[in-house]
Amino acid sequence: MNYQDLIVSMERFGSTKRDICIHSIGIDPDQIHKNVIIAPWWEPPIFPGFGTFDYLSESEYSSIKVWNLTVDSLEISYIKTGIGAPVLMDALLALGVTPCRQIVFIGSVGALDDRIGIGDIVIPAYSICGDGASRYISSDKLADSDVFGEKQYPDKMKFERLIKAASFRCEESGVKWHIGNNYSTDTVFAQFVHIDEIIGMGCNVIEMETAAAFKAAAFAGIPMAALFSVSDNTVANKSLVSGRTSEEMQYRKKVRRELFPRIIIDLFQSANF
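The rules behind the values
Residues numbered from 1 in each chain as written. Predicted model: local features only at pLDDT ≥ 70, side-chain atom pairs only at ≥ 80, totals over all residues. Heavy atoms only, no water. Pairing = 2+ DSSP bridges. Helix = DSSP H or I, 4+ residues; strand = E, 2+ residues; numbered from the N terminus. Salt bridge = Lys/Arg side-chain N within 4 Å of Asp/Glu carboxyl O. Buried < 20%, exposed > 50% of the residue type's maximum accessible area, 1.4 Å probe, protein only. Axes fitted to C-alpha atoms, helices over the stretch in contact; angles between N-to-C directions. Parallel < 35°, antiparallel > 145°, perpendicular 65-115°, else oblique. Left-handed = near helix turned anticlockwise from the far one by under 90°. Contact = heavy atoms within 4.5 Å. Nonpolar A, V, L, I, M, F, W, Y, C, P; charged D, E, K, R; others polar. Core = buried A, V, L, I, M, F, W, Y, C linked by side-chain atoms within 4.5 Å. Phe/Tyr/Trp six-rings, centres within 6.5 Å; stacked < 30°, edge-to-face > 60°. Lys NZ or Arg CZ within 6 Å of the ring centre and 35° of its normal.

On a regular strand, each side chain points to the face opposite its neighbour's, so the side chains alternate between the two faces of the sheet. Pairing between strand β6 (residues 121-129) and strand β8 (residues 177-184): eight bridges, direction parallel. Paired with I121 across the bridge in β8 is W177. Here β8 pairs with strand β9 (residues 205-207) via three bridges, running parallel. When the bridges of β9 are listed, N182 appears paired with V205.

If you want it as structure tokens, here you go:
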């Protein structure tokens, strides 16, 4: 199976590439810029450093919203998908029929290492598949598509450029950053009973989307890397459910607000097309 197989299968049932983009993202393909930010939950107003932005539309999925940003002369499309691998993977696959040429995923991550603090920045070197969406782009037959436990990787050059941008901005601001070995889960509630096993896989962070996102981006032929903000630390008893202080959360918001736009702009500007 390859990306073109997905497109041909949809065209077989009467859909055009424009239909695919409008249904999955909510706008015409030519409205998407070559630089794209994709985020499960955050919206552009929490990042003043992104400058002006124009809201375009919602897709048929109410969680998906799209903005176009202008930072100096840099044009960026910003897509909020909603939480979870399936809807994010569909939106990302649809970018394959648009002018998109590079993607950065931004989102929250939970730490599984007491050396990683709330508010720290993490760049994942890989994400281990713990989701169900990835199997749909893994093999021609679903019965042969169990990819649980497989590592999915960001684009190598995009990953290296993101490290360069993040390390410079973090060191400049005195913010800690880490390379992440990530696990992508399908559940928050039921993940805790499996935390020891997940740590045993070599993971130091956990979130929900990037294993499927890395796989889908590679499938669509679009270079992508991911930038995480640490929202919680389960092994320090500061999980999503309990234990975090207001001071920790305010620090996290400050780092996210101030550093993420700088890092992403540096990343996009470093690319040559």
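When the charged atoms of two side chains with opposite charge come close together, those side chains can pair. Applying the stated criterion to the full structure yields ten salt bridges. One salt bridge in this structure joins E172 and R169, with 3.2 Å as the shortest N-O distance. In this pair, E172 and R169 are both assigned in helix α4 (residues 156-173), three residues apart and thus about one turn of the helix distant. What makes R169 buried here is its relative accessible area of 19%. Salt-bridge contacts for R257 lead to E258; the nearest nitrogen and oxygen are separated by 4.0 Å. Judged by relative accessible area, R257 falls into the partly exposed class, the value being 35%. Among the ionic contacts, a cluster of salt bridges with common partners joins E43, K65 and K80.

Where α4 contacts helix α7 (residues 246-270), the axes come no closer than 9 Å and their chain directions differ by 140°. The orientation of α4 relative to α7 falls into the category oblique. When you trace α4 past α7, the crossing you get is right-handed. Residue-level contacts link K158, R161, L162, A165, A166, R169, C170, E172 and S173 of α4 to L259, R262, I263, D266, L267 and S270 of α7.

Moving on to the packing of helix α3 (residues 85-94) against helix α6 (residues 210-220). Across the interface, α3 lies against α6 with an axial gap of 9 Å and an inter-helix angle of 20°. One element, α3, and the other, α6, form an angle in the roughly parallel class. Note that α3 runs across α6; the crossing there is right-handed. Residues A85, L88, M89, L92 and L93 of α3 form the contact with α6, whose own contacting residues are A212, A213, A216, A217 and F219. Looking at the contact of α3 with α6, its residues break down into ten nonpolar, no polar and no charged.

The biggest cluster of nonpolar side chains holds 44 residues, and the ones touching the most others in it are I79, L92, L95 and I103. Elements with a minimum of two residues in this core: α1 (3-12), α2 (17-24), β1 (35-39), α3, β5 (102-111), α6 and β10 (224-233). The residues contacting L95, other than those within four sequence positions of it, are I25, I32, V36, I79, C100, I103 and I222. Listed in part, the 40 residues of the second largest apolar core include I76, I121, I198 and I264.

The next thing to look at is the packing of aromatic side chains. For the coordinates displayed, the defined rule picks out nine aromatic pairs. Aromatic pair W42 and F47: ring centres 6.0 Å apart, planes at 65°, arrangement edge-to-face. Residue class for F47 comes out buried when judged on its relative accessible area of 1%. Summarising the aromatic geometry, the rings of F47 and F260 are spaced 6.4 Å apart at their centres and angled 15° between planes, so their arrangement reads as stacked. Separated by 213 residues along the polypeptide, F47 in the loop between β1 and β2 (52-58) and F260 in helix α7 bring together distant segments of the chain. For the pair F47 and F260, a shared accessibility class is recorded, and that class is buried. Note that K151 overlies the ring of Y126, its terminal NZ or CZ placed 4.4 Å from the centroid. Just above the ring of W42 sits the side chain of R256; from NZ or CZ to the centre is 4.8 Å.

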